[in-house]
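This is what each chain is made of:
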Amino acid sequence: MNILVVGDTVGKPGRDAIVALVPKLIAERDISFVVVNGENMAGGSGLTPDTAKELFAAGVDCITSGDHVYKHREIYPMLNTDPRLVRPANYPPSAAGKGFTVLKARTGERVGVINLLGRIFTKPVDDPFAAVDAALAKLAGETDLIVVDMHAEATSEKIAMGWHLDGKVAAVFGTHTHVQTADERVLPGGTAYISDLGMAGPHDSVLGRDKFRVLEALTTAMPTHFDVATGDIRLNGALITADPSTHKATAIERVSLS
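Rules used throughout
- Residues numbered from 1 in each chain as written.
- Predicted model: local features only at pLDDT ≥ 70, side-chain atom pairs only at ≥ 80, totals over all residues.
- Heavy atoms only, no water.
- Pairing = 2+ DSSP bridges.
- Helix = DSSP H or I, 4+ residues; strand = E, 2+ residues; numbered from the N terminus.
- Contact = heavy atoms within 4.5 Å.
- Axes fitted to C-alpha atoms, helices over the stretch in contact; angles between N-to-C directions.
- Phe/Tyr/Trp six-rings, centres within 6.5 Å; stacked < 30°, edge-to-face > 60°.
- Buried < 20%, exposed > 50% of the residue type's maximum accessible area, 1.4 Å probe, protein only.
- Lys NZ or Arg CZ within 6 Å of the ring centre and 35° of its normal.
- Core = buried A, V, L, I, M, F, W, Y, C linked by side-chain atoms within 4.5 Å.
- Right-handed = clockwise from strand over helix to strand, strands pointing away.

A. Representation of the sheet that holds strand E6 (residues 110–117) within the structure. Reading across from one edge, E5-E6-E7-E8-E10-E9 is the order of the 6 strands in this open sheet, with mixed pairing throughout. Two strands in the sheet have a free side with no partner beyond their single neighbour: strand E5 (100–104) and strand E9 (185–186). Pairing geometry for E5 and E6, over 5 bridges, is antiparallel. Each bridged residue has a counterpart across the sheet, and for Val102 the counterpart in E6 is Gly112. Lying over the sheet, helix H4 (residues 128–139) contacts E5, E6 and strand E7 (145–151), oriented at roughly 160 degrees with respect to E6. Contacts from helix H5 (residues 155–165) reach E6, E7, strand E8 (171–175), E9 and strand E10 (192–194), with the element oriented near 170 degrees to E8.

B. View of the packing of aromatic side chains. Taken as a whole and judged by the stated rule, the model has 2 aromatic pairs. Ring centres of Tyr70 and Tyr76 lie 5.4 Å apart, and the angle between their planes is 90 degrees; this geometry places the pair in the edge-to-face category. The interplanar angle of 45 degrees and the centroid separation of 5.5 Å between the aromatic rings of Tyr70 and Tyr91 together place this pair among those described as tilted. Here Tyr91 lies in the loop between helix H3 (76–81) and E5 and Tyr70 lies in the loop between strand E4 (62–64) and H3, a separation of 21 residues in the sequence. By relative accessible area, which is 7% here, Tyr91 ends up buried. In this structure an aromatic cluster arises from ring pairing among Tyr70, Tyr76 and Tyr91. In this arrangement the basic side chain of Arg84 is found over the ring face of Phe56, its NZ or CZ atom lying 3.8 Å from the centre.

C. Main features of the nonpolar core. By size, the foremost hydrophobic cluster in this structure holds 32 residues, and its most contacted members are Leu4, Ile18, Val34, Ile63, Leu85 and Leu235. If you list the elements that add at least two residues to this core, you get strand E1 (2–6), helix H1 (11–28), strand E3 (31–37), helix H2 (49–57), H3 and strand E12 (233–243). Among the elements that line this core, the one with the most residues is H1, at 6 residues. Once you skip the residues sitting within four places of it in the chain, Ile18 turns out to touch Val6, Thr9, Pro23, Val36, Leu55, Ala58, Val60, Ala200 and Leu235. One finds Val5, Ile194, Ala238 and Ala242 within the second-largest nonpolar core, a separate group that totals 24 residues.

D. Looking closely at the pairing of E8. Burial runs high along E8: 5 of the 5 residues are buried. Taking every second residue as pointing to the same face, both faces of E8 are buried, with Ala171, Phe173 and Thr175 on one and Val172 and Gly174 on the other. Pairing of E7 with E8 involves 5 bridges; the strand directions are parallel. Counterpart to His151 in the pairing with E8 is Thr175. Chirality of the crossover, the property in question, places the unit of E7, H5 and E8 among those that are right-handed. Of the strand pairs in this sheet, E8 and E10 are connected by 3 bridges, and their pairing is parallel. From the neighbouring strand, Ala171 faces E10, where its bridge partner is Ala192.

Here it is, written out as structure tokens:
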């Protein structure tokens, strides 16, 4: 089966890219399941029920998140009730939402999705390695394959998670830095890995934000509002081919479309 995973979706331009391109990719590449990181899809930071519904209507099966998941309070009830939304599993148990889910693919397979947040250069959270081990124990026997979104700043932490989970899950893909890396590969144990998927959104920018506003902030050290940019909209991600009978990946291919 083919699984499409898409990097951080930035604002309306990112959502427009999903709406325009994901349905075509599903049809052209025989995609059974789509995971998108929605960390930045509402005005460039966080997510809302309306933005989530927009992506679901475009064919997205699961939305993962990260450190901005609680930016908009109106998403809290949906996090608690909709299994298609996940927040990092290493947030405290009392936090709204859940850190993993099991959903049916278009072809009937049970796909487990786990979301994690790194600890290096990010906000204090629980140990992502212990959290993913606990999630895997709870998912034992409940899935045909599992994919993991490691939302983290440090490449070293993402790579370490890839090795930690090699042979245990079908894929580990990094998000958060908005820049697509060229290190995609299938690890020896059968886990597809890439350090960062990149982003769906405006690439004539600094990580999706207006480049002139970011330059103003960096050159003056004064507070500046980072507006979402609008130019050169692209969709970054990866296409993972996996075998549900073995629970492992056979291939990973980077995706970058205008």
